[in-house]
Each structure stands twice: as C-alpha cells, then as structure tokens.
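Overview (structure and organization)
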Amino acid sequence: MSSSSSSSSSSTLKNHNERRKSRFMRWFNKLFKGNKAVLAEDDHSWASKEKEERDRSVARSLGKDSKRPNGQRRQTDNDEDLARPLHDNLNSSKEPPHPPSCAPWEDNGRGCRKCSGCHRDFGSGNYLGCMGTFFHPECFLCHACGFPITEYEFSLSGNNPYHKSCFKELTHPKCEIPTNGAGLIEYRCHPFWSQKYCPSHENDNIKRCCSCERLESRNTRYVSLGDGRSLCLECMESAIVDTWDCQQLYHAIRDFYEGMNMAIDQQIPMLLVERQALNEAIEGEKHGSHHFPETRGLCLSEEQTVTSVLKRQRMAVRGLVGIRTQPQKLTRKCEVTAILVLYGLPRLLTGAILTHELMHAWLRLKGFRNLSPEVEEGICQVLSQMWLESEVVPGSRNMPSTSAASSSSTWSYSKKGGKSGVENKLGEFFMHQIAHDASPAYGAGFRAANTAVNKYGLRRTLDHIRLTGSFPL
C-alpha cells in the first residue's frame, strides 16, 4: 500500500512540473514574439529616421562646400605625405550605431559613440570613421580653412586633417618674385650661365662680377677691386693684378702673332692700369672706337702720362688692399704709344683684350688707314676669338697656343700643367660674349669679319681690307 501511494505522488508531482514548464514556455514565447514585433517596429522607425538624418547631413555638407572658395573646393593632382581615404568607413547599415566597435575615449558612458568634432552623440545619423575615431560628416573640418572635408582623400599633418589644396597652399614654397600686369612672374636669365634673377637687379646695388657678369648670390661673396668693380671667386683664381704677370702674358701673345706671320716689330709698352687711369687715357685719345659702358683696353696713339699698377696687392676681408702705382710718361716713337689693359681680370680675358689691342697696333703699324669702326673692331675681335680658341680648344684653326709660354705667369694651372675646368668654362664664356655682342662695331663687325675669314682665310681678308677698306663678300 505504501509503495503504491509513493508512486502515485511522484506521478502527480511530475505532471504538475510539466504543466508549470508548459505555462512558462508559452509565456516566454509570447513575450519573445511581442518583443520581436517591438524590435521590428523600432528597427523600421530607426531606419526611416536614419534616412532622413543622412539626407539632412549630406545637404548641410554640400551647402557648406558650395560656399567655400573655388581654390579650396578643387582637388589637386599632386600632394604630399599622408593622403588617405576619407569615406572608407561611412556607416549606412540598418543597425543602431551603438553596439559593435566603440572608441572608449569617446564613449558617453551608455555605450554610444560620440563625435570627435562636436563631442555629441551620433543619435541615428550617419558618421564616418577615420584617424582612429569618428565624426559627423559636417564635423570633419579642414584645419586650415575650417570647411568640411568632402573629398575622398585628404592630407594629414600631425593630428590635423587638411584639404589637399589647402595643405599645398600652406606648405609649398611661394615665389617672391613680383608679377607683371598679366599676373605672370617676370625674371631674367643669363644667356650663357642660365642664372635667373629679378629684373630689378639689373639696376640695383647688387654686385655683379666685372668679368663673367654673374650676380652675387646669397651664398657667395665677391672680391672688391677697389675701383667700383667686383670679382667672383672663380674669376679671382686666375686674375692678373700686377704688371709682372701681365708682361709675361703680353710677350706670349706677341709670340702668337709671330707664329701667324704677323710679327709686331716695334717694342710697344704695355701697362696694367686702374679703371680711373684708363678712363682718363680714353678722354685724352683723339680718335678710336671704345666699347662702352666698360672699356677694358686701349691702343694709345697720343703722348700721355699714365698711372700704372706695379705690384700685386694683398688679399683682405674687404678685398684687395695695398695697391702700388706709379705715374709713367709715354712718348710717341711710332704710330702706337702704348697698350693699356684694365687690371684684376682673369688671364683669358686679359689675354683676349691684349690680342684685340695688339691687332689695332698691327693695323696702324702696317699702314691701314681710315677704316670704319665695323671693319677695324670686327677684324680685331676675330683675332681675339682666334687666340681664345687656341687656349680653350687647342688645335682649332691650326693656331699656335700661348699656354706653354705663359703658364709660369698664372696660378690657375693644375700640377699637371693644364688649365682648370673653371678657367676653360670662362674661356667659353668670353668667346660667347664676342660671338653674341649686340653692338654694331664689335658685334656685327665681328660676324662680318669672321664670315670673310672663314671663307677666304685671314691673309686674303686683310689684303682685301687694305685695298678696299671693307670685307670681301
């Protein structure tokens, strides 16, 4: 009996538990289904609100972008360092923005992300993720102009984002050369050295080398010759600054004429002079063509007293100092009284001047009279060019070189006995000067004389000049 009663009680308890479980499951399923309906309804409501908020955000961003200056709206093709995709993390999912990945330093304490620009909750609107954090589209602003960055790429400096155009404007170097009326940058460019400079430097006080014409740049210092002229350090390497060095070169160039069967028999004095002394001698000369604004040599025909430079100067911080000069009375013993050359010029330029002035002397001593400036200066320039070619391009025109004869008088030669690359480049420049001179006598005259010499040879050209006073055609 006991056994039967116990079994009946157990069965009753089991049935009771199953009924309770069944009632709980029905209640739970009802509750779950109800919540699903609520969630579905909330999800539909949130999606609708999200679409409206996204439309408003895009409209605000485009409205602000339309007010920006054109230079800030445009994209540039070429930019610096950190260009990155902007909208690679634009969230347009159907889920509310609070669950998955949240930047903990921008959390509002309830598990919802906050904008790193305005520090407000995102709510149900769009947001973008970049630079390890999140922004409203209208809060991701350029650090330079303050307008939203709507382009696909942007520039980053430190933690500050920029429009590509704003970053370029902010960091790229700006030319300080003034522009002309058309808004274009004006500059001058030296035809040989390709040195670029502002047009204003042609008339201001910036130093210009009296030999190679280059302007003193910020990183160089020119040597003052004490008479208003300056010399760059490259030209200074081979500058002739005393009479002894110049005498050595002078005799070498006389040998050059003798090698061309144009020997100068008269002993013509040669003086190295300062600028003032040369200008005074020019004023005392009754005839002759002079190459202004700077005459650097003179074939003197009148008797004068000329102050010449005797000894090499000492180099100091401010330039050459301790110059020693001596006045010298020049008497006329033939058609030519003396050859004067400006001191302080490089060896090749000094030699070109000496060659030019000795050709004037040769013409006068050989009886060439009443030649026009174009003919006389033109043929003298041809001889000067020929001497330079013999120095810079040995073997050209089969001309004798004076390098060996004059090497002891200069200090620009290497230990192997050859000219430095700097001096060769200067020689090329001096030849360029002669070939492109714009003056009627020295420029046009040289080109006409050079054409005749190349066609008929020097001797036949000189014979034609003696007979007709003009170049052969």
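Procedures and definitions
- Residues numbered from 1 in each chain as written.
- Predicted model: local features only at pLDDT ≥ 70, side-chain atom pairs only at ≥ 80, totals over all residues.
- Heavy atoms only, no water.
- Helix = DSSP H or I, 4+ residues; strand = E, 2+ residues; numbered from the N terminus.
- Buried < 20%, exposed > 50% of the residue type's maximum accessible area, 1.4 Å probe, protein only.
- Contact = heavy atoms within 4.5 Å.
- Pairing = 2+ DSSP bridges.
- Expected span 1.5 Å × (residues − 1).
- Bend = angle between axes of the 7 residues up to and from the residue.
- pLDDT = per-residue confidence, 0-100.
- Axes fitted to C-alpha atoms, helices over the stretch in contact; angles between N-to-C directions.
- Parallel < 35°, antiparallel > 145°, perpendicular 65-115°, else oblique.
- Left-handed = near helix turned anticlockwise from the far one by under 90°.
- Nonpolar A, V, L, I, M, F, W, Y, C, P; charged D, E, K, R; others polar.
- Salt bridge = Lys/Arg side-chain N within 4 Å of Asp/Glu carboxyl O.

Labelled according to an unreviewed UniProt entry, the chain appears under the name LIM zinc-binding domain-containing protein, originating from Anisodus acutangulus.

Mapped onto the elements of the fold, Leu473 is located in the segment after α12 (458-468). Leu473 gets classed as exposed once you look at its relative accessible area, which sits at 86%. Sequence separation between Leu473 and Ala449 is 24 residues; the distance between their C-alpha atoms is 9.9 Å. Every residue in contact with Leu473, bar those within four places of it in the chain, is listed here: Lys455 and Tyr456.

On to the pairing of strand β12 (residues 297-300). Neither face of β12 is left uncovered, since the one carrying Gly297 and Cys299 and the one carrying Leu298 and Leu300 both have all their residues buried. Pairing between β12 and strand β17 (residues 338-342): 4 bridges, direction antiparallel. Residue pairing across strands places Leu298 opposite Leu340, the latter belonging to β17.

Let us now look at helix α8 (residues 373-392). Look at α8: 28 Å from first C-alpha to last across 20 residues, which is about the 28 Å you get at 1.5 Å a residue. With 18 of 20 residues buried, α8 lies mostly within the body of the structure.

The end-to-end C-alpha distance of helix α11 (residues 440-456), which contains 17 residues, comes to 23 Å, matching closely the 24 Å that a straight helix rising 1.5 Å per residue would cover. The principal kink in α11, of about 25 degrees, is found at Phe446. Every buried residue of α11 is listed here: Ala441, Tyr442, Gly443, Gly445, Phe446, Ala449, Asn450, Ala452 and Val453. If you follow the buried residues of α11, they end up packed against α7 (347-365), α8, α10 (421-435) and α12. Backbone geometry just downstream of α11 places Gly457 in the positive-phi region, at approximately 90 degrees.

Before going further, it helps to spend a moment on the confidence of the model for the chain. Averaged over every residue, the pLDDT of the chain is 75; residues scoring 70 or more account for 64%. Scored below 50 in pLDDT, residues 404-417 makes 27 contacts in the model with residues more than four places away or belonging to other chains.

This part takes up the packing of α8 against α12. Two elements in contact, α8 and α12, have axes whose closest approach is 12 Å; the angle formed by their N-to-C orientations is 165 degrees. By the angle between their axes, α8 is roughly antiparallel relative to α12. Pair α8 / α12 crosses with left-handed handedness. On the side of α8, the interface is formed by Val375, Ile379, Leu383 and Met386, while α12 contributes Leu458, Thr461, Leu462 and Ile465. Considering only residue class, the contact of α8 with α12 consists of 7 nonpolar, 1 polar and no charged.

In this section: unusual backbone geometry. The phi torsion at Met131 lies on the positive side, around 60 degrees, for a residue other than glycine. By the secondary structure assignment, Met131 is in the loop between β2 (128-130) and β3 (133-135). Residues other than glycine seldom take positive phi values, yet Ser194 does so here, at roughly 60 degrees. Tracing the backbone through its elements, the reader meets Ser194 in the loop between β6 (188-189) and β7 (196-197). Ser194 sits in the partly exposed class, given a relative accessible area of 43%.

The geometry of α7 relative to α8 is characterised by a closest axis approach of 8 Å and an angle of 140 degrees between their N-to-C directions. Relative to α8, the element α7 lies oblique. Where α7 crosses over α8, the handedness of that crossing is right-handed. Residues Arg347, Leu348, Gly351, Ala352, Thr355, His356, Met359, His360, Leu363 and Arg364 of α7 form the contact with α8, whose participating residues are Glu376, Glu377, Ile379, Cys380, Gln381, Leu383, Ser384, Trp387, Leu388, Glu391 and Val392. Split into classes, the residues belonging to the contact of α7 with α8 amount to 10 nonpolar, 6 polar and 5 charged.

This brings us to the pattern of salt bridges. Evaluated as defined, the whole model comprises 7 salt bridges. For Glu153, the salt bridge is made with Lys164, and the minimal N-O distance between the two is 3.4 Å. With Glu153 in strand β4 (residues 153-157) and Lys164 in helix α3 (residues 164-171), this pair connects stretches of sequence that are 11 residues apart. Relative accessible area serves as the criterion here: at 11%, Lys164 is assigned to the buried category. For Arg214, the salt bridge is made with Glu234, and the minimal N-O distance between the two is 2.9 Å. With Arg214 in the loop between β7 and β8 (223-224) and Glu234 in helix α4 (residues 233-236), the pair connects residues that are 20 residues apart, well separated along the chain. On the basis of relative accessible area, Glu234 is assigned to the partly exposed category, the value being 34%. One connected set of salt bridges, linked through shared partners, spans Arg347, Glu391 and Glu423.

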